[in-house]
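Structural overview for review
Here's the letter readout for the chains.
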Amino acid sequence: MLCKAQEDQLQLLDLQLANYEYPYEVATIQIEAQNQTLEMAFMDVKPKNYNGKNIMLLHGKNFNGAYWQTTIAALTAEGFRVIVPDQIGFGKSSKPEHFHYTFQQLALNTKAVLDSIGVEKTAVLGHSMGGMLATRFALMFPETTEKLILENPIGLEDWKLKVPYKPVIWWYENELKKDYKSIKKYQLESYYDGNWDPAYDEWVNLLAGWTLNSDYETIAWNAALTYDMIFTQPVVYEFKNIQSPTLLIIGTRDRTALGKPLVSEEVRATMGLYNKLGKATQEKIPNSELVEIPNTGHLPHIERFEKFIAPLVSFLSK
């Protein structure tokens, strides 16, 4: 009954989250890409005691910049300037009806945000899908990326090797079926490995609130396109080329992997094993460190904040 009560309290969310308040002031820039003008939102939070260092936080696929609230507060308290973009197709940014999503295009858009505020060098932290984007950004803009931090990034394995390809329309139809219950079930199983905390409800509500919108088809279409991007554009083969000092922060209970429902139980059991993927990835990235957080799922910065923030600040302060 509790799940039903929570579902009944869902707020219908605007296409660009105009009726959802972010923890810090949001600015926008115009992105000219693929024959259209798009709006890209971001937070730029400046500390009172600026230490001269910047960090950019890149959100995951099922999230937006708002879920970095406690991370922003802790980092600005340490003197870091924190830049938090919402990627095109996510959060408060435009949801185009047609867009060819590539990590390269998203990296260009992200660099445009930095250029607009005059930031020439920054550490880059990517969570989940943001980890794939942060990796691509670091490969494209090594001179900008002072340090790279990957928090439970997806794409540490190439799912194409195990999962049959499904066209965008399949992902789209899948998205159209989503509701509060199915979104929570996915997050419970993949992100938290069956361990739920009421604090996680907000991140379910943000996605489920969109399903109530009459423009949900547009959101679902963008989500389908980004699934295709993730599936077809692996970064795993290029970890060896990363030049920036890198920190991996890995919650070892995480089991996130794309396409699990499409494979046998035996194959599924081999996917998303972050307790192994973290170590394997650290061996591939030159000049990298690994911090494993036991008994923690896909979102260390939400689930085990103190164990996440301490190694992060230590790494950034070196």
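Reading guide: rules and limits
Residues numbered from 1 in each chain as written. Predicted model: local features only at pLDDT ≥ 70, side-chain atom pairs only at ≥ 80, totals over all residues. Heavy atoms only, no water. Buried < 20%, exposed > 50% of the residue type's maximum accessible area, 1.4 Å probe, protein only. Helix = DSSP H or I, 4+ residues; strand = E, 2+ residues; numbered from the N terminus. Pairing = 2+ DSSP bridges. Right-handed = clockwise from strand over helix to strand, strands pointing away. Phe/Tyr/Trp six-rings, centres within 6.5 Å; stacked < 30°, edge-to-face > 60°. 1 Å grid on protein atoms, 1.4 Å probe; cavity = no way out; pocket = protein on both sides within 12 Å on 5 of 7 lines; lining within 4 Å. Points joined across faces, edges and corners; volume = space filled by probe spheres on them. Nonpolar A, V, L, I, M, F, W, Y, C, P; charged D, E, K, R; others polar. Axes fitted to C-alpha atoms, helices over the stretch in contact; angles between N-to-C directions. Left-handed = near helix turned anticlockwise from the far one by under 90°. Contact = heavy atoms within 4.5 Å. Polar contact = N/O pair within 3.5 Å; in protein donor to acceptor, adjacent residues only side chain to side chain.

1. Re the pairing of strand β6 (residues 145-153)
Of all the nine residues making up β6, eight are buried; the element is thus mostly covered by neighbouring parts of the structure. In the sheet, strand β5 (residues 122-128) pairs with β6 via seven bridges, with the strands oriented parallel. Its bridge partner lying in β6, Ala 123 is registered against Lys 147. In the classification by handedness, the crossover that spans β5, the intervening helix α4 (residues 129-140) and the parallel β6 is right-handed. Relative to strand β7 (residues 246-251), β6 runs parallel, the two being bridged by four bridges.

2. Quick look at the packing of aromatic side chains
Within this structure, the stated rule accounts for 17 aromatic pairs. When the centroid spacing of 4.9 Å and the interplanar angle of 90° are considered together, the rings of Trp 170 and Trp 171 count as edge-to-face. Residue Trp 170 is classed as partly exposed on the basis of its relative accessible area, which comes to 25%. Taken together, a centroid distance of 5.3 Å and an interplanar angle of 85° make the contact between Tyr 192 and Trp 196 edge-to-face. Overall, the relative accessible area of 24% leaves Trp 196 in the partly exposed class. Here the aromatic cluster, defined as three or more aromatic residues joined through ring pairs, consists of Phe 63, Tyr 67, Trp 68, Tyr 186, Tyr 191, Tyr 192, Trp 196, Tyr 200 and Trp 203.

3. Here we look at the layout of surface pockets
Taken as a whole, the largest pocket spans an internal volume of roughly 930 Å³. What lines the largest pocket is a set of 42 residues, among which Asn 62, Glu 175, Lys 178, Tyr 186 and Tyr 227 lie closest to the centre. Mapped onto the lining of the largest pocket, the elements with two or more residues apiece are α5 (168-176), α6 (180-191), α7 (201-211) and α8 (216-232). Looking at the lining of the largest pocket element by element, the count peaks at seven residues for α6. For the lining of the largest pocket, a count of residues per class yields 20 nonpolar, 12 polar and 10 charged. By volume, the second largest pocket is sized at about 180 Å³. In this structure, the second largest pocket is lined by 14 residues; those nearest its centre are Tyr 67, Gln 69, Thr 70, Trp 203 and Ile 302. At the level of elements, α2 (69-77), α7 and α11 (300-303) are the ones that each hand at least two residues to the lining of the second largest pocket. A breakdown of the residues in the lining of the second largest pocket according to their chemical character gives nine nonpolar, three polar and two charged.

4. Remarks on the packing of α6 against α7
It is the contact of α6 with α7, at a shortest axis distance of 9 Å, that shows an interaxial angle of 145°. You can see that α6 and α7 cross each other, and the crossing is right-handed. Mapping the contact onto sequence places Tyr 180, Ile 183, Lys 184 and Gln 187 in α6 and Asp 201, Trp 203, Val 204, Asn 205, Leu 207, Ala 208 and Thr 211 in α7. For the contact of α6 with α7, the class distribution of residues is six nonpolar, three polar and two charged.

5. Description of the side chain of Thr 246
By the element assignment, Thr 246 lies in strand β7. Among the polar contacts made by the side chain of Thr 246, one reaches the main-chain carbonyl oxygen of Ser 244 at a distance of 2.8 Å. Non-local contacts of Thr 246, meaning those with residues more than four positions away in its chain, are made with Leu 148, Ile 285, Asn 287, Ser 288, Glu 289 and Phe 315.

6. Focus on the sheet that holds strand β4 (residues 81-85)
Read from one edge of the open sheet, eight strands run β1-β2-β4-β3-β5-β6-β7-β8, paired in mixed fashion. Looking at the sheet topology across the chains shown, the edges are occupied by β1 (26-33) and β8 (288-293). Mean inter-strand twist for the sheet, computed between neighbouring axes without regard to direction, equals 20°. Pairing analysis gives four bridges linking strand β2 (residues 36-45) to β4, with the strands arranged antiparallel. What sits directly across from Asp 44, in β4, is Ile 83. Sheet strands in contact with helix α3 (residues 103-116) are β1, β2, β3 (54-58), β4 and β5, and its direction is about 130° off that of β1. Sitting on the sheet, helix α10 (residues 274-284) is in contact with β6, β7 and β8, with an inclination near 165° to β8.

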